[in-house]
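# An overview of the molecular structure
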Amino acid sequence: MTTDRKQDDAAPVERLAEDRNWIGTTGFQRRHILAGGAFAAGFAVACRPIASSAVQTSAEGLTEENVSIPASDGFAMPAFVARPAGGKAAPVIVVVHEIFGVHEWIRDICRRFAKAGYYAIAPDLFARHGDATKVADFKQLIGTIVSKAPDAQVLADIDTTYGWAGKHGGDAKRRGITGFCWGGRVVWLYAAHSADLDAGVAYYGRLVTDKTPLQPLSAIEEVGKLKAPVLGQYGALDKGIPLTDVEAMRAALVKAGKSPPDAITVHEGADHGFMADYRPSYNEAAAKAAWDATLDWFGTYVKR
């Protein structure tokens, strides 16, 4: 648990560490568990067992493939693509994964965007450092893979992903980005990084983070650099991202002249990972509201 002080130094702000925050949402009851099979096997091992609420989006009418993208440093970066079959080039949405890498749920999110008329692509931003889908222990996952992915590498890889997508069936002149948990923080950072981005939607991405030499950026400190409108989606019960952080981010957006259009929605009764329909943290009402808002946001700023 990290403890910071508010600006008035009156009381500590407690944030549950990323590995502990996810562990806190794993309280399955027997009736929630989905029996094995090929679908369940596609999820990262740290995510199992899989809740029966896990959504399986049909690939009918879509083209999907696993691809390799030459990164700026020559690394062959794996990625998953889902897009409408046939027709003209669709706007590109980069889907940034959680700490679990590009597993079945991230692929399904790509299919959902493709069904909505987007070219969705999920690059594996951890691949240089290991296969996050194969690590069962949360602390090991954070320590050996997640913490090893430099902010600079992640942002450069996303730049490369858009460029690659534009040459392989996507309309990269129209760009959106979304991400979940670890990926939610990346959305804020990328919106501050890229002048070519049209919009972002950040799902429960940390706003205040402990800085390291590899990850020196904190989202709340990047607000003044935002170059595209971002919609933040947060849960009122999230113990890793306290409401004091959310309110501080709202205030920072207003002070920087970014809000409106930038906005943050807090979903009452929702915890960290409320979109993750494969986990007990899933909150159907919050997930539906957030997804509808996401499509509206991208419809306004990306599809245009």
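Residues numbered from 1 in each chain as written. Predicted model: local features only at pLDDT ≥ 70, side-chain atom pairs only at ≥ 80, totals over all residues. Heavy atoms only, no water.

Tallying secondary structure elements over the chain gives eight helices and 12 strands in all. Counting every position in the chain, which comprises 304 residues, the buried fraction comes to 54%. Summarising the internal contacts of the chain: among those between residues at least 6 apart in sequence, 72% fall at separations of at least 24. Here the chain displays about 12400 Å² of accessible surface, and carbon together with sulfur accounts for 53% of that area. (Helix = DSSP H or I, 4+ residues; strand = E, 2+ residues; numbered from the N terminus. Buried < 20%, exposed > 50% of the residue type's maximum accessible area, 1.4 Å probe, protein only. Contact = heavy atoms within 4.5 Å. Areas by Shrake-Rupley, 256 points an atom, 1.4 Å probe, with all protein chains shown as cover.)

This part covers unusual backbone geometry. The omega angle of the peptide bond from R48 to P49 is 5 degrees, so this bond is cis rather than trans. Relative to the assigned elements, P49 resides in the loop between α2 (38-41) and β4 (50-51). In this structure, the amide linkage connecting P260 to the following residue, P261, adopts the cis form with an omega of 10 degrees. With respect to the helices and strands, P261 occurs in the loop between α7 (243-255) and β12 (263-267). The backbone of Y204 sits at a positive phi, close to 35 degrees, despite the residue not being glycine. Looking at the element boundaries, Y204 is found in the loop between β10 (199-203) and β11 (230-235).

It is the contact of helix α5 (residues 151-166) with helix α6 (residues 182-193), at a shortest axis distance of 10 Å, that shows an interaxial angle of 75 degrees. Judged on the interaxial angle alone, α6 and α5 are roughly perpendicular. Contact with α5, carried on its side by D151, V154, L155, I158, D159 and Y162, involves W182, R185, V186, L189, Y190 and H193 of α6 and no other residues of that element. Class assignment of the residues belonging to the contact of α5 with α6 gives a composition of eight nonpolar, one polar and three charged. (Axes fitted to C-alpha atoms, helices over the stretch in contact; angles between N-to-C directions. Parallel < 35°, antiparallel > 145°, perpendicular 65-115°, else oblique. Nonpolar A, V, L, I, M, F, W, Y, C, P; charged D, E, K, R; others polar.)

This brings us to the environment of Y162. Tracing the sequence through the fold places Y162 in helix α5. Note on Y162: relative accessible area 0%, which makes it buried. Here the alpha-carbon distance between Y162 and I121, two residues 41 residues apart in the chain, equals 8.8 Å. With residues up to four places along the chain from it excluded, the contact list for Y162 reads V92, V94, A172, R175, G176, I177, Y190 and L197. From its side chain, Y162 meets the backbone oxygen of G176 in a polar contact 2.6 Å long. (Polar contact = N/O pair within 3.5 Å; in protein donor to acceptor, adjacent residues only side chain to side chain.)

Let's shift gears to the pattern of salt bridges. A complete count under the given rule lists 16 salt bridges for this structure. Where D157 meets R128, a salt bridge forms, and the shortest distance between an N and an O atom there is 2.6 Å. Taken together, the residues D157 in helix α5 and R128 in the loop between β8 (119-123) and α4 (138-144) connect sequence positions 29 residues apart. On the basis of relative accessible area, D157 is assigned to the buried category, the value being 1%. When the shortest N-O distance is used, the salt bridge between R174 and D171 registers 2.7 Å. Here the two residues R174 and D171 agree in accessibility, since each one is buried. (Salt bridge = Lys/Arg side-chain N within 4 Å of Asp/Glu carboxyl O.)

Counting across every chain of the model gives 16 aromatic pairs. Ring centres of F39 and F43 lie 5.2 Å apart, and the angle between their planes is 90 degrees; this geometry places the pair in the edge-to-face category. Each residue in the set F39, F43, W105, F180, Y203, Y204, F274 and Y278 is aromatic and connected to the rest through ring pairs, giving one cluster. For K303, the ring lying beneath its charged end belongs to Y118, and the centroid distance is 4.8 Å. (Phe/Tyr/Trp six-rings, centres within 6.5 Å; stacked < 30°, edge-to-face > 60°. Lys NZ or Arg CZ within 6 Å of the ring centre and 35° of its normal.)

As a further point, take the sheet that holds β8. Strand order across the open sheet formed by eight strands is β5-β6-β8-β7-β9-β10-β11-β12, with mixed pairing between neighbours. On the outer flanks of this sheet lie β5 (62-70) and β12, each paired with one strand and no other. Here the average twist between neighbouring strands, direction ignored, is 20 degrees. Packing of helix α3 (residues 104-115) onto the sheet brings it into contact with β5, β6 (76-84), β7 (90-96), β8 and β9 (170-180), and relative to β6 it is tilted by some 40 degrees. (Pairing = 2+ DSSP bridges.)

This part covers the confidence of the model for the chain. Mean pLDDT over the chain stands at 91; residues scoring 70 or higher make up 89%. Across residues 1-10, where pLDDT falls below 50, the model places 23 contacts with residues more than four positions away in sequence or in other chains. (pLDDT = per-residue confidence, 0-100.)

Relative to β6, β5 runs antiparallel, the two sharing nine bridges. Pairing of L62 across the sheet is with P84, part of β6. Between β5 and β6, which pair antiparallel and follow one another directly, the connecting turn spans five residues, one of which, G74, has a positive phi of 90 degrees. When β6 meets β8, the two strands line up antiparallel, connected through four bridges. Bridging from a neighbouring strand, F80 pairs with A122 of β8.

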